Amino acid sequence: MLLSPRLRPWGRYGLRLLVVASCYYVGARLGLLQALVNDQVTPLWPPTGIALLALLLGGVRMWPGIAIAAFVVNATLGDSGPAFVISAGNTLGPVVAFLLLKHTGFRMEVDRIRDALALVFLGAFGGMAVSATVGTGALVINGVVDGTHFWSTWSVWWTGDAMGVLVVVPLVLALRNRTEWPTTVYRWAELAGLLVATAAVTVFITSVPVRMTFIVFPFLIWAALRFQHIGSAPCSFVTAVVAARGAAEGTGVFSGEFDLVDKMVTLQAFNGTVALTTLVLSAVIAERNAARLAIERTCARLADVVAQYEPLVAGDSRPPDSRDAR
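Residues numbered from 1 in each chain as written. Predicted model: local features only at pLDDT ≥ 70, side-chain atom pairs only at ≥ 80, totals over all residues. Heavy atoms only, no water.

Across its full length, the protein carries 11 helices and zero strands. Residues classed as buried in the protein amount to 45% of the 326 residues present. A separation threshold of at least 6 residues defines the contact pool for the protein, and within that pool the share at least 24 residues apart is 73%. By element, 67% of the accessible surface of the protein is carried by carbon and sulfur atoms, the whole surface being about 16,200 Å². (Helix = DSSP H or I, 4+ residues; strand = E, 2+ residues; numbered from the N terminus. Buried < 20%, exposed > 50% of the residue type's maximum accessible area, 1.4 Å probe, protein only. Contact = heavy atoms within 4.5 Å. Areas by Shrake-Rupley, 256 points an atom, 1.4 Å probe, with all protein chains shown as cover.)

What follows concerns the packing of aromatic side chains. The full count for this structure, using the stated rule, is seven aromatic pairs. With a centroid separation of 5.0 Å and an interplanar angle of 85°, the aromatic rings of Phe150 and Trp151 are classed as edge-to-face. Taking relative accessible area as the criterion, Trp151 reaches 59% and is therefore assigned exposed. These aromatic residues form a ring-pair network of at least three members: Phe121, Phe125, Phe150, Trp151, Trp154 and Trp158. (Phe/Tyr/Trp six-rings, centres within 6.5 Å; stacked < 30°, edge-to-face > 60°.)

Applying the stated criterion across every chain, the model contains three salt bridges. Between Arg112 and Asp115 there is a salt bridge, and its shortest N-O distance comes to 2.8 Å. On the basis of relative accessibility, which here comes to 1%, the residue Asp115 falls in the buried class. (Salt bridge = Lys/Arg side-chain N within 4 Å of Asp/Glu carboxyl O.)

Okay, unusual backbone geometry next. Backbone geometry at Val110 places phi at a positive 50°, although glycine is not the residue there. One can find Val110 in the loop between helix H4 (83-103) and helix H5 (113-141). Not every positive phi belongs to a glycine, and Gln228 is a case in point at roughly 55°. Mapped onto the fold, Gln228 is located in the loop between helix H8 (217-227) and helix H9 (229-249).

Before going further, it helps to examine the UniProt feature "transmembrane region" (unreviewed entry) in the protein. According to UniProt, the feature "transmembrane region" (unreviewed entry) maps to residues 13-37, 49-77, 83-101, 113-134, 154-173 and 185-205 in the numbering used here. Across residues 83-101, helical content stands at 100% and strand content at 0%; the span's end C-alpha atoms are separated by 27 Å. Secondary structure across residues 185-205 divides into 100% helix and 0% strand, with the first and last C-alpha atoms of the span separated by 30 Å. (UniProt positions renumbered as here; feature names shortened; annotations may be inferred.)

So, about the side chain of Ser282. Residue position: Ser282 is located in helix H10 (residues 260-314). Sequence-distant contacts of Ser282, that is, excluding residues within four places in its chain, are made with Ala224, Gln228, His229 and Ser232.

What follows deals with the confidence of the model for the protein. For the protein, mean pLDDT is 82; residues scoring 70 or higher make up 86% of the total. Predicted confidence in the protein is weakest over helix H11 (residues 320-324), with a mean pLDDT of 54, and strongest over helix H2 (residues 46-58), with 92. (pLDDT = per-residue confidence, 0-100.)

Let's shift gears to the side chain of His229. Structurally, the position occupied by His229 is in helix H9. Beyond its immediate chain neighbours, meaning those up to four positions away, His229 contacts Glu109, Val110, Ala174, Glu180, Pro234, Leu279, Ser282 and Ala283.

On the surface, a nonpolar cluster with roughly 880 Å² of combined accessible area is contributed by Tyr25, Val26, Leu30, Leu33, Ile68, Phe71, Val72, Phe84 and Val85. Among the secondary structure elements, those contributing two or more residues to the nonpolar patch are helix H1 (8-31), helix H3 (63-75) and H4. Here Leu33 lies in the loop between H1 and H2. Classification of Leu33 as exposed rests on a relative accessible area of 64%. (Patch = residues over 30% accessible without salt bridge, like charges linked within 9 Å, V, L, I, M, F, W, Y side chains within 5 Å.)

Bringing H3 into the picture now. Structurally, the α-helix is built with 3.6 residues per turn, so residues lying three or four positions apart point the same way. The terminal C-alpha atoms of H3 lie 18 Å apart, and with 13 residues this matches the ideal 18 Å at 1.5 Å per residue to within 8%. All of the buried residues in H3 are Pro64, Gly65, Ile66, Ala67, Ala69, Ala70, Val73 and Asn74. (Expected span 1.5 Å × (residues − 1).)

The first and last C-alpha atoms of H9 sit 30 Å apart over 21 residues, in line with the 30 Å expected at 1.5 Å per residue. Among the 21 residues that make up H9, 15 are buried, leaving the element largely enclosed by the rest of the structure. One or two steps after H9, the chain reaches Gly250, where phi turns positive at roughly 70°.

Below, the structure is given as structure tokens:
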């Protein structure tokens, strides 16, 4: 039976909540494959990026879908005691991040330097500190994690939530902006080769014990300069995922006598630098291109005005309008 016109908006709203909850749940299951603490704290937690995207695209009213999915995920991990508090923190973190971004006038095109800085420092680092604090506190209070391991657990939680934002949000926002997509086969081939090269270099630097993480940055800079966000966001995504996998397995630069906090600080510093570099450089190029287009349009209008009054300079004293009326 068809819904009445008054119920149709509620039906669409419910469908959107269902989509958000489903995406959140799938992202959570993927993130848990790299869990480091109690099989539920991971260095890469995609659901935070999915949650923030849902809020950016649908507004703060999308929070029920996030809360329901977060509760289902946490309740199925074995210990349902802290599940409610953790799910509240998982919801509150993205909401706080969304409100901070909204307060600063964040634009989803990320075509300004202020947008890139806001996404990194407010959306990822700032907002996700809320969810990490609430979640870790719940685990400690309920005895799931020993109090002496608070900061190590918090560091993994915060790193995972922040990386979820920095990995998922720029990628989806870049894919939404079709104006930046390559327009020729050559450009698509260049972008594909760039992605493959970035992935290969990242696998290499996270597999060898020598600290050579810096060699991936020329590829990231190339992506930002040549393709802006549609190139830098996928490269940053690949780099962050491979680096998080290396940290979870303890390979390469994450091997040796590093404790958990050291690994997470190293991972957060590396991925944060990658995200900040690609986002800011892409925003700088976007601002430069926008300024160039504005100058070109202004010059074109001035050229039209000059062309309109050229006959006056040549000796025709009649105004332009009277010359056309014959």
